[in-house]
Amino acid sequence: MKFSYFLPTKLSFGFGTLGTLGSEAKALGASRALVVTDKVMVSTGIAQRATESLGIAFDVFDGVEAEPRIEVAQAVADRARSAKYDLVVGVGGGSSMDMAKVAAGFATNEGPARSFVGNNLFSKKPLPSIMVPTTAGTGAELTVTSMVTVEGHKQWINSQLLLPSVAVVDPDLTMSMPQGVTAATGMDALCHNTEAYLSSLASPITDSAALEGVRLIVQNLEKAFDSGGDRMARESMSLGALMGGIALQAKMVYGHSIGYTIATRFRLAHGVSCGLPLPYIISNYAVACAPKMKKLAEAYGVPPDDDPAELGRAVAEKARGIAEHLKIPTTLKELGVAESDLPTLAEECLEMYPRPNSPLVFDRRSMSEFYRRMWEGNLEG
Ligand SMILES: [Fe+2]
């Protein structure tokens, strides 16, 4: 067995940890912060709660949009370079945290935002950064990746240098999340834990996190969706999402790739776009990942079965049941995908978002067939 794991981010988890933001900023030697967030965080007062706790000089960039375009990343870059900041604080969901991570990099590295799209294109050390997630799902507070939409396609700015200095995960900030956001972000977290577990880059560290993350989410996502005020469920969801962030270093398999091909076309929240393929991923990967299925089934609360294909179908049914409970579409047909578009989507998936770490290898034909199953709602592996 061989693996490496690198996570330099300090984690601070629990109700009330938002109050530690000031001491974390001080510990980083910061005196002037750029707070990167969105207008919802400002209007709901969450951004203000964060800045009050920060206790140092700050400016706010509140222009982050959902699924940010590269133009937004450029606006963030301009702002980050407009004054002498020594800290970036991201407050919000995955989009705000992704833009905060790139802001920290753009502040110390010259060049247009577009020139950083790809892998490891920052040469100078970014500013220190603190991430404050307000949803329970994306795990962006612990990842090297910032997603950007470039000419309608999902792309990424990846750099190990962008890993945040601190993540302050306070479940209290998730208490007021609307049902739809709870559903989409919670499903994203379930995908992170499940896909990372199925990845051939999984390690004992990512597996431990992923299985615990699946268990927490399966037991609590529907509760958090039904009763947003359930503090225990919210806390478990924040922890499950954090586990997903830790597991994400094993990388995603084709569920997220498929999600990217439908997200912008159908204007879907990220968690909805990757939640739709999840049950099909589980049932189709079950045989290729046979030795791992027993523990995955256990985490999903599914009774044991010696036949990995049967077990895969049962776990997939369980995942589909959760999606249905959350009112997340479970077939491509229901989404409005034309049958004639399936081969194009399959080709885009393989060409733009390949997964060399997928234990299940697809070619054009098998990926087209896979899209057809998702169109029809066929969970057969
Ligand atoms: Fe995701």
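Structure first, text after, so check above.
Fair warning: this is a prediction, and the values are worked out from it, not measured in the lab.

What counts and how
- Residues numbered from 1 in each chain as written.
- Predicted model: local features only at pLDDT ≥ 70, side-chain atom pairs only at ≥ 80, totals over all residues.
- Axes fitted to C-alpha atoms, helices over the stretch in contact; angles between N-to-C directions.
- Helix = DSSP H or I, 4+ residues; strand = E, 2+ residues; numbered from the N terminus.
- Parallel < 35°, antiparallel > 145°, perpendicular 65-115°, else oblique.
- Contact = placed C-beta atoms within 7 Å.
- Nonpolar A, V, L, I, M, F, W, Y, C, P; charged D, E, K, R; others polar.
- Core = buried A, V, L, I, M, F, W, Y, C linked by C-beta atoms within 7 Å.
- Buried ≥ 20, exposed ≤ 12 C-beta atoms within 10 Å, placed from the backbone.
- Domains from an automatic or database assignment.
- Expected span 1.5 Å × (residues − 1).

## Overview of the packing of helix H11 (residues 278–285) against helix H13 (residues 308–325)
No. 1: Two elements in contact, H11 and H13, have axes separated by 8 Å at closest approach and are oriented at 175 degrees. If you check the angle between H11 and H13, you find them roughly antiparallel. Between H11, through Leu-278, Pro-279, Tyr-280, Ile-282 and Ser-283, and H13, the contact on the second element is made entirely by Gly-312, Arg-313, Val-315, Ala-316, Ala-319, Arg-320 and Ala-323.
No. 2: Looking at side-chain class alone, the contact of H11 with H13 contains eight nonpolar, two polar and two charged residues.

## Quick notes on the nonpolar core
No. 1: In terms of nonpolar packing, the biggest core is built from 126 residues, with Val-76, Val-88, Val-89 and Ala-103 touching the most fellow members.
No. 2: Take this core: its biggest share by element is ten residues, from helix H7 (residues 204–226).
No. 3: A domain-level breakdown of this core finds at least three residues from each of domain 1 (10–174) and domain 2 (179–376).
No. 4: Val-89 has contacts with Ala-33, Val-35, Ala-50, Leu-54, Ala-100, Ile-130 and Val-132, leaving out every residue within four places of it along the chain.

## As for helix H6 (residues 179–198)
No. 1: Here H6 contains 20 residues, and its C-alpha end-to-end distance of 28 Å stays within 8% of the 28 Å for a straight helix at 1.5 Å per residue.
No. 2: The buried count for H6 comes to 17 of 20 residues, which makes it a mostly enclosed element.

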